[in-house]
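Here is how the chains run, residue by residue.
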Amino acid sequence: MDLLLFGIQGSGKGTQARKLAEDHGYALFEAGAQLRAIAATDSDLGKLVKSYIDAGNLVPAEVIIEVARAFVGEKSPDTKILFDGVPRTEEQRIAFDTLMQESGREFVGIHFLLDKDEALERVLGRAKLEGRVDDASEEAIRRRMNLFEEMTVPVINVYREQGKIRDIDAAGGVEEVYEKLTQVIEEPVGTIN
Ligand code: AMP
């Protein structure tokens, strides 16, 4: 069973994804990192992708879906994949569901719940360490957070209606949240507090 991770910027899902993938043998698909790698190339696609990322906008759906499709295509059916950062819009969800169906892959989603103000504090702290252009100002971060609420929360809601979402309170420290995460991937749908 594959896993999809959802959470507002600063919810810690990237950190948890890397840890979980390493400990539990998932192939990790990090949408943001994949796109940043393309943005670093000196190609027309690289320039295009960079312009979206630096502005804090979502790159066009077909770009990220093609990257995901290539990634899935390289994996054997018995390799579990952990998707971090896709799908983020309804358009992506439809294309992503098609990709998963065609590949015969099943998944559940995990939603890391965190208060927006706390999430903002965390991202501002991270920005100093990583020097990301898109984390540089409170305005830029808020913009991406609004995109999460407007575009990605509806995706989570569709999956929730399908019984595919498990919630985790992400307010604690890395180890505490990780413990909940490992618990929740073995538990039925619900929130682990
Ligand atoms: P992240 O590292 O997840 O914060 O993503 C950084 C940036 O990459 C986002 O602000 C978007 O510009 C782009 N990005 C990441 N994932 C997606 C996606 N699924 N669809 C479109 N753009 C994305």
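Attention here is on the structure that accompanies the text. (Residues numbered from 1 in each chain as written. Predicted model: local features only at pLDDT ≥ 70, side-chain atom pairs only at ≥ 80, totals over all residues. Heavy atoms only, no water.)

### Focus: the site of the ligand
Consideration 1: R36, N57, G85, R88 and Q92 are the nearest of the 16 residues found near the ligand.
Consideration 2: N57 is positioned such that a nitrogen or oxygen atom in its backbone is 2.6 Å from an oxygen atom of the ligand.
Consideration 3: Here a nitrogen atom of the ligand and a backbone polar atom of G85 are 2.8 Å apart.
Consideration 4: The protein chains hide 94% of the 480 Å² of surface that the ligand would expose on its own.
Consideration 5: No other element matches helix 2 (residues 31-39), which puts four residues into the shell around the ligand. (Near = heavy atom within 4 Å. Polar contact = N/O pair within 3.5 Å; in protein donor to acceptor, adjacent residues only side chain to side chain. Areas by Shrake-Rupley, 256 points an atom, 1.4 Å probe, with all protein chains shown as cover. Helix = DSSP H or I, 4+ residues; strand = E, 2+ residues; numbered from the N terminus.)

### Describing the pairing of strand 5 (residues 165-169)
Regular strands place their side chains on alternate faces of the sheet.
Consideration 1: Here strand 5 lies mainly inside the structure; four of its five residues are buried.
Consideration 2: Looking at chain direction, strand 4 (residues 107-113) and strand 5 are connected through five bridges and run parallel. The residue of strand 5 that forms the bridge with I110 is R166. (Buried < 20%, exposed > 50% of the residue type's maximum accessible area, 1.4 Å probe, protein only. Pairing = 2+ DSSP bridges.)

### Points about the packing of helix 4 (residues 61-73) against helix 5 (residues 90-102)
Consideration 1: Running from N to C, helix 4 and helix 5 point in directions that differ by 20°, and their axes come no closer than 10 Å. Between helix 4 and helix 5, the angle is such that the two are roughly parallel. Helix 5 is crossed by helix 4, and the crossing has right-handed handedness. Residues A61, E62, I64, I65, A68, R69 and V72 of helix 4 form the contact with helix 5, whose participating residues are E91, Q92, A95, F96, L99 and E102.
Consideration 2: Split into classes, the residues belonging to the contact of helix 4 with helix 5 amount to eight nonpolar, one polar and four charged. (Axes fitted to C-alpha atoms, helices over the stretch in contact; angles between N-to-C directions. Parallel < 35°, antiparallel > 145°, perpendicular 65-115°, else oblique. Left-handed = near helix turned anticlockwise from the far one by under 90°. Contact = heavy atoms within 4.5 Å. Nonpolar A, V, L, I, M, F, W, Y, C, P; charged D, E, K, R; others polar.)

### Observations concerning the pairing of strand 4
Consideration 1: In terms of residue burial, strand 4 counts as a mostly covered element, since six of its seven residues are buried.
Consideration 2: Of the pairings in the sheet, the one linking strand 1 (residues 2-7) to strand 4 comprises six bridges and is parallel in character. Bridged to D2 within strand 4 is F107.

### Brief notes about helix 6 (residues 116-130)
Consideration 1: For helix 6, spanning 15 residues, the distance from its first C-alpha to its last is 20 Å, which sits close to the expected 21 Å at 1.5 Å a residue.
Consideration 2: Residues A119, L120, V123 and A127 constitute the buried set of helix 6. The buried side chains of helix 6 occupy one side of the element, clustering within an arc of 100° when seen end-on. Projecting away from the buried face of helix 6 at angles above 90 degrees are the exposed residues D117, E121, K128 and L129.
Consideration 3: Residues of helix 6 that are buried sit in contact with helix 7 (138-161). (Expected span 1.5 Å × (residues − 1). Arc of directions from axis to C-beta.)

### Observations concerning the pattern of salt bridges
Consideration 1: Under the counting rule described, the total for this entry stands at 15 salt bridges.
Consideration 2: Measuring nitrogen to oxygen at the nearest pair gives 2.5 Å for the salt bridge that ties D84 to K13. Remark: K13 occurs in helix 1 (residues 13-24) and D84 occurs in strand 3 (residues 81-84); sequence separation between them is 71 residues.
Consideration 3: Exposure remark for K13: the relative accessible area of 13% places this residue in the buried category.
Consideration 4: The partner of R93 in a salt bridge is D97, and the shortest N-O contact between them spans 2.7 Å. Within this pair, R93 and its partner D97 are both found in helix 5, separated by four residues, close to a single helical turn.
Consideration 5: The network of salt bridges with shared partners includes E66, R69 and E102. (Salt bridge = Lys/Arg side-chain N within 4 Å of Asp/Glu carboxyl O.)

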